[in-house]
Amino acid sequence: MSGETTSAPSNFIRQIIEKDLQAGKHATIHTRFPPEPNGYLHIGHAKSIVLNFGIAEDFPGSCNLRFDDTNPAKEEEEFVEAIKEDVVWLGYAWSELRFASDYFEQLYEFAVELIESGKAFVCDLTPEQVRDYRGTLTEPGRESPYRDRPVAENLDLFRRMRAGEFVDGTRTLRARIDMAAPNINMRDPTLYRIRHGLIHHQTGAEWCIYPMYDYTHPISDALEGITHSLCTLEFEDHRPLYDWVLDNITIGCHPRQIEFARLNLEYTVMSKRKLTQLVQEKRVYGWDDPRMPTIAGLRRRGYTPESIRRFCEAIGVTKAEGTVEMGVLENSLRGHLDAAAPRRMAVLDPLKVVITNFPADATETLQAGNHPKDESLGTRELLLTREIYIDRADFREQANKKYKRLVLDGEVRLRNAYVIRCNEVIKDGAGNIIELRCAYDADTLGRNPEGRKVRGVIHWVSATLGKKAEVRLYDRLFKSPEPGRTHDFHQDINPDSLRVLQDCVVEPSLAEGRVDERFQFEREGYFCLDSIDSRPGLPVFNRIVSLRDSWGKKADE
RNA sequence: UGGGGCGUAGCUCAAUUGGCAGAGCGACGGACUCUGACUCCGUAGGUUGUAGGUUCGAUCCCUACCGCCCCAGCCA
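Residues numbered from 1 in each chain as written. Chains lettered and ligands numbered in written order. Predicted model: local features only at pLDDT ≥ 70, side-chain atom pairs only at ≥ 80, totals over all residues. Heavy atoms only, no water.

Q: It is not clear to me how the side chain of Arg-193 should be interpreted in this structure. Could you clarify?
A: In this fold, Arg-193 is placed in strand β6 (residues 190-194). Buried and without a salt bridge, Arg-193 has Glu-75 as its closest oppositely charged side chain, separated by 6.9 Å. Only 2.9 Å separates the side chain of Arg-193 from the backbone oxygen of Pro-211, close enough to count as a polar contact. In this structure Arg-193 touches Thr-70, Asn-71, Thr-172, Cys-208, Ile-209, Tyr-210, Pro-211 and Met-212, once residues within four positions along its chain are discounted. (Helix = DSSP H or I, 4+ residues; strand = E, 2+ residues; numbered from the N terminus. Buried < 20%, exposed > 50% of the residue type's maximum accessible area, 1.4 Å probe, protein only. Lys, Arg positive; Asp, Glu negative; His and termini not counted. Salt bridge = Lys/Arg side-chain N within 4 Å of Asp/Glu carboxyl O. Polar contact = N/O pair within 3.5 Å; in protein donor to acceptor, adjacent residues only side chain to side chain. Contact = heavy atoms within 4.5 Å.)

Q: Can you walk me through the sheet that holds strand β12 (residues 350-355) in this structure?
A: Paired through their backbone hydrogen bonds, the strands of a sheet run either parallel or antiparallel. The sheet built from 7 strands is open, its strands ordered β21-β18-β19-β20-β12-β15-β22 with mixed pairing. Each edge of the sheet is formed by a strand with only one pairing partner; in this case those strands are β21 (457-458) and β22 (460-462). With 8 bridges connecting them, strand β19 (residues 419-427) and strand β20 (residues 433-441) associate as antiparallel partners. By the bridge assignment for β20, Val-425 is matched with Leu-436. (Pairing = 2+ DSSP bridges.)

Q: Got a minute to help me understand the domain arrangement of chain A in this structure?
A: One widely used convention gives an interface's size as the accessible area the parts lose upon coming together. Taken as a whole, chain A is organised into domain 1 (12-262), domain 2 (272-342 + 469-556) and domain 3 (346-459). Counting residues at the interface gives 26 residues for domain 1 and 25 residues for domain 2. Roughly 2,300 Å² is buried in total at the junction of domain 1 and domain 2, and carbon and sulfur atoms are behind 70% of that figure. Area buried by domain 1 at its contact with domain 2 is led by Tyr-40, Ile-43 and Trp-89, which between them contribute 32% of it. In this assembly, domain 1 and domain 2 are joined by 4 salt bridges. Residue Arg-299 is joined to Glu-85 by a salt bridge in which the shortest nitrogen-to-oxygen separation is 3.7 Å. Listed by contribution, the elements that provide at least two residues to the side of domain 1 that touches domain 2 are α1 (12-22), α2 (43-58), α3 (77-89) and β9 (256-260). (Domains from an automatic or database assignment. Buried area = accessible area lost by both parts, 1.4 Å probe.)

Q: Looking at this structure, I do not really get empty space enclosed by the protein. What am I missing?
A: Rolled over the atoms, a probe with the dimensions of a water molecule shows which regions are left empty. Across all of its chains, the model carries 3 cavities of 30 Å³ or more by this definition. By volume, the largest cavity is sized at about 120 Å³. If you go around the largest cavity, the residues you meet are Ala-8, Pro-9, Ser-10, Asn-11, Arg-14, Lys-47, Val-50, Leu-51, Cys-312, Glu-313, Gly-316 and Val-317. Secondary-structure elements contributing two or more residues to the lining of the largest cavity are α2 and α11 (305-315). For the lining of the largest cavity, the element with the highest residue contribution is α2, accounting for 3 residues. Of the residues that constitute the lining of the largest cavity, the class distribution is 6 nonpolar, 3 polar and 3 charged. For the lining of the largest cavity, the two domains that each supply at least three residues are domain 1 (12-262) and domain 2 (272-342 + 469-556). In terms of lining, the second largest cavity is formed by Met-345, Glu-381, Leu-382, Leu-383, Trp-460, Val-461, Ser-462, Glu-507 and Pro-508. Elements that contribute at least two residues to the lining of the second largest cavity include exactly β14 (379-384) and β22. (1 Å grid on protein atoms, 1.4 Å probe; cavity = no way out; pocket = protein on both sides within 12 Å on 5 of 7 lines; lining within 4 Å. Points joined across faces, edges and corners; volume = space filled by probe spheres on them. Nonpolar A, V, L, I, M, F, W, Y, C, P; charged D, E, K, R; others polar.)

In structure tokens form, the structure reads like this:
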């Protein structure tokens, strides 16, 4: 499934890079995407991926995938693999695959250098004391009593920290910067902490001290020759520390950190903490639940990599934080699939129609184009029989003139087939409509009837030859555009985010569908086979997104 | 109340760095149509957060306010 490639729109980061290139600062551009493997990637990460990999593609240059794996308490191999799969699925190839843990030895050596130059010290304060000494937003902090330890003692203590001589929480390595700095990140930040008993997914039990993000990230970037280190806004305060680290060690590279606003999407949550909760509390079926804003969820839902890339380019990159309407994501999929998806017919809420003047045992084979505007997508055969299903919503006993589907004593066209007239409505004892009796006009295949206009077109499937299917309709996971804005986000969970339709009937050609195919069910939306639950005998379709519907919005029912 | 950021149409973003405030999406209306889709045409929508100042001229420069976001993990 391919689409046209449009070049990514410019943004302030690309402009900075262009200027740096013109100024001769760099020969080529190197970026990186640095996820922490403590959860699955979501659509917000996609924004960063498209930005970083997109820049590497366009300038051109390279982009590494680097796992920021400095906290083994939260990280797992499962997430490493899931993240790699997501990046590949989005259509990108990293230049090099790295782990921050690849640099643990070098990180240690740079820490020794900082100690030797008097820029770092081993601190014996407890976590509570450190918090106390740090001061507040408005008051300066106090210097640690261990701040002026002799270099030799610091060296010895740090070596013994590594050797495992001290208990968790008893000592840290701290940068020696300025406890009175108005930027709290500069108040002698922690560089290393002690963590015994953890099995790191990459380094096993080799280390019992782990470096902090603020120390690890700039060095990892520099070691990889990154030219532009792109991150989200909350790290803006950390940039002085990023620069301080690189300015105070012997390293021949100083990447430029540039911050941009993270993505917020209406009617969903994007924080890993909340997504993890949804999974653990079983509010969804897993990280890949089709209602989740994770890449895995969107993939299972049926979103195409192309549509996600389009979306990321459409929303732009700035420093102004905002919330993007869900419709923008949906439209990116519609735009891609309208051009690319073959059309099919599926009846989601079947109502039997007997075509009384159609021979009982006959089957008429009709040719139908797979796409109204693209003949290259070919044609398929439709099987018309005496008994068919139409959607319950496509019939009313009476309706006003704006309603252009089937009414009693009215006509409608069966998509790709004939015009029928409804002559009789059959009801059960309770007054429910259970069947329609219609007659077809044999002279209306591929042409309009003489002397009258039939405005409506509805979809249908043979009742005897159609295949049973389950269809899952998804709605937004939350009822509120900003879940948890003023309260606990659980209160905003939409109880009707999943509707399962068991008795759907689809045209026979859909029985052979493959998981990676997307279809437009005409007049309904875009659908794909569920990759997990679909079975040969009972296909399960996910509705990726409905068709735009300007009718439903107008007050009618 | 310290520090760092951000305020342009309903949403997301532009505006050649001081020269008539635009686009896409959405909304609304219409045309077309064997998908109430797609496509096409059109309309509405703005005190550029507010108030001053500089200037012939300010979204842009200056000042002061206002609002929102982030920061006091041995998380990232």
